[in-house]
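Structure assessment
As a plain string of letters, each chain reads:
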Amino acid sequence: MKFSKKLFYMAMCITCTLPLSVKGQNKPNWATSTYHEDLDKSYLEVVVESGSNKDDIIYKAQNEIKRRRKLKVGEENAWIKSGYVASYWENTNNGLTGYFLYQTPNNPRYQISDIERVTSTNQYPFSARVFVPGWMQFYKGQKIKASTIIASEILCIGGFAFAQTKKNYYAAMIGSTNNATLKQRYAASANTYNYVSYGFLAGAIGIYAWNIIDGLVARGTPYVSVDGKMLSFVPYATPESAGLALTMSF
């Protein structure tokens, strides 16, 4: 009986607290010092600077992008403007670190309206992935949250199956004896496991419902959007090599 109560409390804890305690990762997938992407009419790159003052870090980033632009296009075309797209800040052991995403035209004759419209966003379009536990969270780059949802759902379903098996076992044992005391004990155990199974079932349903709501409304890892299309990196592996491949989702 004590074991049954522990199972019931476990089911309630999973339902009420486990999913709510998980937070997604919010660092953009472009926030790395090596990020660089060539588009049709422009290119994207990230400048990383550290320091103790935000204004000083921004100033250093602006000077660095100017220096890079001069190396890229030459002094005579240095007046080409690199457009600021987005930034990401984090506290490190070295102080404050800023990641700055810039877009630079490939041709000095291009106007702002001529080049690709680039934004950094953490809002994802609707996807049928939301109906599979954890899949939408993986899609949004929230691997810890996705893994927790999947593990919680498996645990609840497994707990429900286990409790139902135990309930059926004790229900069958009632007819195996004429001892009134044993019959009462078996009936009580069957009833307890029946309630435990309902607890796990409620947990599975609650986590699945929360998975759908979270998949629809929660913000994911920020990504680069080019003219409304998702630009991101996915890992790949072949017998010859491995690395990251650029993908664009429409």
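In what follows, the structure referred to is the one given above.
Here is a short report on the structure shown in this document. (Residues numbered from 1 in each chain as written. Predicted model: local features only at pLDDT ≥ 70, side-chain atom pairs only at ≥ 80, totals over all residues. Heavy atoms only, no water.)

**Overview of the sheet that holds strand E4 (residues 95–105)**
With respect to topology, four strands assemble into an open sheet ordered E1-E2-E4-E3, the strand pairing being antiparallel. The sheet terminates laterally at strand E1 (36–38) and strand E3 (83–92), the two strands that pair on one side only. In this sheet, neighbouring strand axes are inclined to one another by 15° on average, regardless of whether the strands run parallel or antiparallel. Across nine bridges, E3 lies against E4 in antiparallel orientation. Counted as the bridge partner of Gly83 is Gln103 from E4. (Pairing = 2+ DSSP bridges. Helix = DSSP H or I, 4+ residues; strand = E, 2+ residues; numbered from the N terminus. Axes fitted to C-alpha atoms, helices over the stretch in contact; angles between N-to-C directions.)

**A few points about a nonpolar patch on the surface**
Together, Phe126, Phe131, Ile213, Leu216 and Val217 make up an exposed nonpolar region whose accessible area comes to about 550 Å². Along the polypeptide, Leu216 turns up in helix H5 (residues 180–217). You can call Leu216 partly exposed: its relative accessible area is 47%. (Patch = residues over 30% accessible without salt bridge, like charges linked within 9 Å, V, L, I, M, F, W, Y side chains within 5 Å. Areas by Shrake-Rupley, 256 points an atom, 1.4 Å probe, with all protein chains shown as cover. Salt bridge = Lys/Arg side-chain N within 4 Å of Asp/Glu carboxyl O. Buried < 20%, exposed > 50% of the residue type's maximum accessible area, 1.4 Å probe, protein only.)

**A look at the nonpolar core**
In this structure, Trp30, Tyr35, Leu44, Val46, Leu101, Val118 and Val224 are the most contacted members of the largest nonpolar core, which totals 13 residues. Elements with a minimum of two residues in this core: strand E2 (42–51), E3, E4 and strand E6 (223–226). With residues near it in sequence (within four places) discarded, Val46 still touches Trp30, Thr32, Ser33, Tyr35, Arg68, Tyr99, Phe100 and Leu101. Membership of the second largest hydrophobic core comes to twelve residues, among which are Cys156, Ala190, Phe200 and Ile207. (Core = buried A, V, L, I, M, F, W, Y, C linked by side-chain atoms within 4.5 Å. Contact = heavy atoms within 4.5 Å.)

**Brief notes about the pattern of salt bridges**
This structure, assessed with the given rule, holds five salt bridges. A salt bridge links Arg67 to Glu64; its shortest N-O distance comes to 2.7 Å. Residue Arg67 and its partner Glu64 are located together in helix H2 (residues 54–73), separated by three residues, close to a single helical turn. Residue Arg68 is joined to Glu64 by a salt bridge in which the shortest nitrogen-to-oxygen separation is 2.9 Å. Within this pair, Arg68 and its partner Glu64 are both found in helix H2, separated by four residues, close to a single helical turn. Using a relative accessible area of 17% as the deciding quantity, one classes Glu64 as buried. Salt bridges sharing common partners tie together Glu45, Glu64, Arg67 and Arg68.

**Some remarks on the side chain of Asn107**
Following the sequence through the fold, Asn107 ends up in the loop between E4 and strand E5 (118–121). Here the side chain of Asn107 touches Arg109 through a polar contact of 2.8 Å, landing on its backbone nitrogen. (Polar contact = N/O pair within 3.5 Å; in protein donor to acceptor, adjacent residues only side chain to side chain.)

**Structural notes on H5**
With 38 residues, H5 should reach 56 Å at 1.5 Å per residue; the first-to-last C-alpha distance of 55 Å fits that figure. Where H5 begins, the side chain of Asn179 points an oxygen toward the backbone nitrogen of Thr181, at a separation of 2.8 Å. (Expected span 1.5 Å × (residues − 1).)

**With respect to the layout of surface pockets**
A water-sized probe rolled over the atoms picks out the places where empty space is left. By volume, the second largest pocket amounts to about 170 Å³. Lining the second largest pocket, in full, are Ile58, Gln62, Ile65, Lys66, Arg69, Lys81, Ser82, Tyr84, Ser87, Trp89, Phe100 and Tyr102. When contributions to the lining of the second largest pocket are tallied by element, the ones reaching two or more residues are H2, E3 and E4. Top element by residues in the lining of the second largest pocket is H2. It accounts for five residues. Looking at the lining of the second largest pocket, its residues break down into six nonpolar, three polar and three charged. (1 Å grid on protein atoms, 1.4 Å probe; cavity = no way out; pocket = protein on both sides within 12 Å on 5 of 7 lines; lining within 4 Å. Points joined across faces, edges and corners; volume = space filled by probe spheres on them. Nonpolar A, V, L, I, M, F, W, Y, C, P; charged D, E, K, R; others polar.)

**Side note on the pairing of E4**
The two faces of the sheet receive side chains in turn, since in a regular strand these alternate between them. Burial of E4 is extensive: ten of the eleven residues sit out of reach of the surface. In this structure, E2 lies alongside E4, joined through ten bridges in antiparallel fashion. The residue bridging Val47 from the neighbouring strand is Phe100, located in E4. A loop of two residues connects E3 with E4, the two strands running antiparallel in sequence.

**Let's talk about the packing of aromatic side chains**
In total, this model carries ten aromatic pairs according to the counting rule given. On the basis of an interplanar angle of 70° and a centroid distance of 5.1 Å, the ring pair of Tyr169 and Tyr170 is categorised as edge-to-face. Ring-pair connections join several aromatic residues into one group, and the members of that group are Phe162, Tyr169, Tyr170, Tyr186 and Tyr193. Across the ring face of Trp89, the terminal group of Lys54 is positioned such that the distance to the ring centre comes to 4.8 Å. (Phe/Tyr/Trp six-rings, centres within 6.5 Å; stacked < 30°, edge-to-face > 60°. Lys NZ or Arg CZ within 6 Å of the ring centre and 35° of its normal.)

**Concerning the environment of Tyr169**
With respect to the helices and strands, Tyr169 occurs in helix H4 (residues 143–174). Between the alpha carbons of Tyr169 and Ser189 there is a distance of 9.5 Å; along the sequence they are 20 residues apart.

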